[in-house]
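So the chains spell out like this:
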Amino acid sequence: GNIGIGNPHPDAMLEISKVSGQPSIELSAWSATANATHAGVLVFQKAGTATVNTFTAGDHTTSGEVLGRIEAKGVTDGDQARLSSYIEFANDAVSDADSVPGKIVFATSDADDNGAPTVRMTIDDDGNVGIGGTSPGAALYVKAEDARVRVDSDPNGTAGFELSRTGTRKWVIYDHETSDNLDFKTDSDIRMSIEQDGNVGIGNTNPGSLFEVSKTAANSEATRPTIEISSFSDANDLYTSAGVLKFHKSANDTINSY
């Protein structure tokens, strides 16, 4: 019952083959109505019953059940067809009376998996996205031995990472325009800057020492820069319960080595 288009020996129910060309399937919709009901659709349908076009009560799809899959294959140096990558659609939980909780899995092959691609990204039914993790517990969950998030640019013209809540910006920005400095912003103001030479400035984007605290209008009592060391203890007479400002000098040029 297999059908082959351009292939006299099809290995699938419908197989389209072409020599030295690009085999293609096109879904063209011609309509003046601008909504999804008039657009081409590729549908994967999975039922819990073994009769075509029949939906039997109680035979719903279950948690983890694969509903559809798009696969890409190539040929190995050993002349074997192998799976390179796939996109998989599944139930993320048991179907209820009116919904099928969804999950999308993206997988790619590495150099030594014999056609069994590894899951690289998962989107679950809560909208959580997991990169390197198959069960994300946050809106964005990254799991890797060398996990890092790289941002090259943002809509505001400066590369960085932005956190926002209730309309107020809370920024952490990597500012490539100021010699690889790392700036920390709240709203629109830089509150702390770490220079490429290791200097740290609080209230100062160009600190001239290893640690510098600055504030404008310093002549005002209410706005003067302050470093506070507070100790809360009922051991009033003990030196060990008091705040300490410590200076340490060593003759060894290795940190914490004597």
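Above: the structure in question.
Residues numbered from 1 in each chain as written. Predicted model: local features only at pLDDT ≥ 70, side-chain atom pairs only at ≥ 80, totals over all residues. Heavy atoms only, no water.

Some points on the overall build of the protein chain
Across its full length, the protein chain carries zero helices and 14 strands. When the helices and strands of the protein chain are read in sequence order from the N terminus, they spell out β-β-β-β-β-β-β-β-β-β-β-β-β-β. Residues classed as buried in the protein chain amount to 16% of the 258 residues present. Sequence-distant contacts in the protein chain: of pairs separated by 6 or more residues, those separated by 24 or more amount to 12%. Within the structure as shown, the protein chain displays about 19900 Å² of accessible surface, and the carbon and sulfur contribution to it stands at 52%. (Helix = DSSP H or I, 4+ residues; strand = E, 2+ residues; numbered from the N terminus. Buried < 20%, exposed > 50% of the residue type's maximum accessible area, 1.4 Å probe, protein only. Contact = heavy atoms within 4.5 Å. Areas by Shrake-Rupley, 256 points an atom, 1.4 Å probe, with all protein chains shown as cover.)

Some thoughts on the packing of aromatic side chains
Scanning all chains against the criterion turns up one aromatic pair. Ring centres of Phe44 and Phe89 lie 5.9 Å apart, and the angle between their planes is 25°; on these two criteria the pair is classed as stacked. On the criterion of sequence distance, the pair formed by Phe44 in the loop between strand S2 (14-16) and strand S3 (66-75) and Phe89 in strand S4 (residues 81-91) is long-range, its members being 45 residues apart. You can call Phe89 partly exposed: its relative accessible area is 26%. (Phe/Tyr/Trp six-rings, centres within 6.5 Å; stacked < 30°, edge-to-face > 60°.)

Some details on the sheet that holds S3
What links the strands of a sheet is backbone hydrogen bonding, and the strands pair in either a parallel or an antiparallel sense. Pairing is mixed across the open sheet formed by six strands, whose spatial order is S3-S4-S5-S6-S7-S8. With one partner strand each, in any of the chains shown, S3 and strand S8 (140-142) form the two edges of the open sheet. Pairwise comparison of adjacent strand axes, ignoring direction, gives a mean angle of 20° for this sheet. Of the pairings in the sheet, the one linking strand S6 (residues 118-123) to strand S7 (residues 129-131) comprises three bridges and is antiparallel in character. Following the sheet pairing, Ile123 is matched in S7 by Val129. (Pairing = 2+ DSSP bridges. Axes fitted to C-alpha atoms, helices over the stretch in contact; angles between N-to-C directions.)

So, the layout of surface pockets
To find leftover empty space, one rolls a probe the size of a water molecule over the atoms. A volume near 310 Å³ is recorded for the largest pocket. Taken together, Ala12, Leu14, Glu15, Ile16, Ser17, Pro23, Ser24 and Ile25 make up the lining of the largest pocket. For the lining of the largest pocket, the residue count by class is five nonpolar, two polar and one charged. (1 Å grid on protein atoms, 1.4 Å probe; cavity = no way out; pocket = protein on both sides within 12 Å on 5 of 7 lines; lining within 4 Å. Points joined across faces, edges and corners; volume = space filled by probe spheres on them. Nonpolar A, V, L, I, M, F, W, Y, C, P; charged D, E, K, R; others polar.)

Some remarks on the pairing of strand S11 (residues 181-186)
Alignment of S11 against strand S12 (residues 189-194), held across five bridges, turns out to be antiparallel. Considered in S12, the bridge of Thr186 is made with Asp189.

Description of the pairing of strand S5 (residues 102-108)
Every other side chain in a regular strand lies on the same face of the sheet, so the side chains alternate between the two faces. Where S4 lies against S5, seven bridges are found, and the strand directions are antiparallel. Within S5, the position partnered with Ile87 by the bridge is Phe106.

Examining unusual backbone geometry
For Asp79, which is not glycine, the phi dihedral falls at a positive 60°. Take Asp79: it is sitting in the loop between S3 and S4. Despite not being glycine, Asn256 has its phi angle at roughly 60°, a positive value. Mapped onto the secondary structure, Asn256 falls in the segment after strand S14 (211-213). According to the relative accessible area criterion, Asn256 is exposed, its value standing at 70%.

Distances and angles like these do not, on their own, reveal function.
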